[in-house]
Amino acid sequence: MKRIDCFKVMAELAGDALVVTGAGANTVEWYACRPGDGNFRVRTMGLVSSIALGMALGLPHRQVIAIDGDGSLLMNLCSLPTIARKNPPNLVHVLVDNEVYEASGEIDTATGAGTDLVAVARGAGIRRASWVNSPDEMRTVFSEALEARDATFIGLKVERARSEVPPYPMDEVENKYRFIRHVEQTEGLSILSAHMPASFLKDS
Ligand SMILES: [Mg+2]
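Remember, it's a predicted structure, so these values are computed and weren't measured experimentally.

The next subject is the overall build of the chain. Scanning the chain from terminus to terminus reveals nine helices and eight strands. For 204 residues, the compact-globule estimate of 2.2 N^0.38 gives 17 Å, and the chain sits close to it at 18 Å. Along the first, second and third principal axes, the C-alpha atoms of the chain reach 65 × 35 × 30 Å. Residues counted as buried form 46% of the 204 residues belonging to the chain. For the chain, restricting intrachain contacts to residue pairs at least 6 apart in sequence, the fraction spanning at least 24 positions comes to 71%. For the chain, the accessible area works out to roughly 10,000 Å², and carbon and sulfur atoms hold 53% of it. Here the chain contributes 21 positive and 26 negative side-chain charges, whose respective centroids are spaced 5 Å apart.

Moving on: the coordination of the magnesium ion. Angles between donor atoms at a metal ideally measure 109.5 degrees for a four-coordinate tetrahedral arrangement and either 90 or 180 degrees for a six-coordinate octahedral one. Coordination of the magnesium ion by the protein comes from Asp70 (OD), Asn98 (OD1) and Val100 (O), over a distance range of 2.1 to 2.3 Å. Along the chain, the residues donating to the magnesium ion are arranged with the sequence spacing D-x27-N-x1-V. The class for asparagine 98 is buried, based on a relative accessible area of 5%.

A few words now on unusual backbone geometry. You will see that asparagine 87, though not glycine, has its phi angle at about 45°, which is positive. On the secondary structure map, asparagine 87 appears in the loop between α5 (79-86) and β4 (91-97). Phi at glutamate 99 takes a positive value of approximately 65°, unusual for a residue other than glycine. By the element assignment, glutamate 99 lies in the loop between β4 and β5 (100-101).

Calculation rules
Residue positions are given per chain, counting from 1 as you read along its sequence in written order. With the structure being a predicted model, the display of local features is reserved for residues of pLDDT at least 70 and the display and counting of side-chain atom pairs for 80 or more, all residues being used for whole-chain, interface and lining totals. Excluded from the side-chain calculation are hydrogens and water; included are all heavy atoms of the structure. Segments assigned H or I by DSSP are reported as helices when at least four residues long, segments assigned E as strands when at least two residues long, and all are numbered from the N terminus. Computation of the radius of gyration draws on C-alpha atoms alone. For the globule rule, the value is 2.2 Å times the number of residues to the power 0.38. The buried label goes to any residue with under 20% of its type's maximum accessible area, the exposed label to any with over 50%, and the partly exposed label to all in between, with areas taken from a 1.4 Å probe on protein chains only. Working rule for contacts: check all heavy atoms of both residues, and any pair within 4.5 Å makes them a contact. Here the accessible surface of atoms and residues is derived via Shrake-Rupley with a 1.4 Å probe, and residues count as covered only by protein chains that are part of the display. Charge assignment in this entry is limited to Lys and Arg as positive and Asp and Glu as negative, and neither His nor the chain termini are counted. Charge positions are represented by NZ for Lys, CZ for Arg, CG for Asp and CD for Glu. Shown as donors are all N, O and S atoms within 2.8 Å of a metal ion, widened to 3.2 Å for Na, K and Ca; because water is not in the atom set, sites may appear incomplete.

Without other data, these values stay purely geometric and don't point to any function.
What follows is the structure, encoded as structure tokens:
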């Protein structure tokens, strides 16, 4: 199974969900399927699920999707019991498991040696956790996840090969500001503002 075929299904269904991705190919292939400023690329390896959890808790009426890698999640397994404990119904955590640290030189991860991250998620207490084996099955499981009253974990076993897509069009700094402005505009929030010195206020 190719990850991009599942991403195409997700993009059809995701609406205006905020989507958090990691440093590697997941980001560019997802962006090719659903471009826009509602996508946030996390450059700190491992933190996709934790940052997505924070967004889901902070914006409980907004759908949040984490697109994680096996290497990334293995680095931050402690996010799973925290997600289980907080159980935000608006969070879907999608694991793209190609059994390799792809972005850092094709070194095998533990999932190729038998670690089952869906079983780990279930063991952490995430009740809605399952493997998906085809894009058609993804359509069903992902649709149900968007409607679910619990957090959902979906595991995808995918080929190691990347799909041909354009490069990500911005660096992490531009991505951060564009994403935050997108959240401000779509949520009616003020998140970032510049504080002027008191002398400026006095003169104005
Ligand atoms: Mg990987």
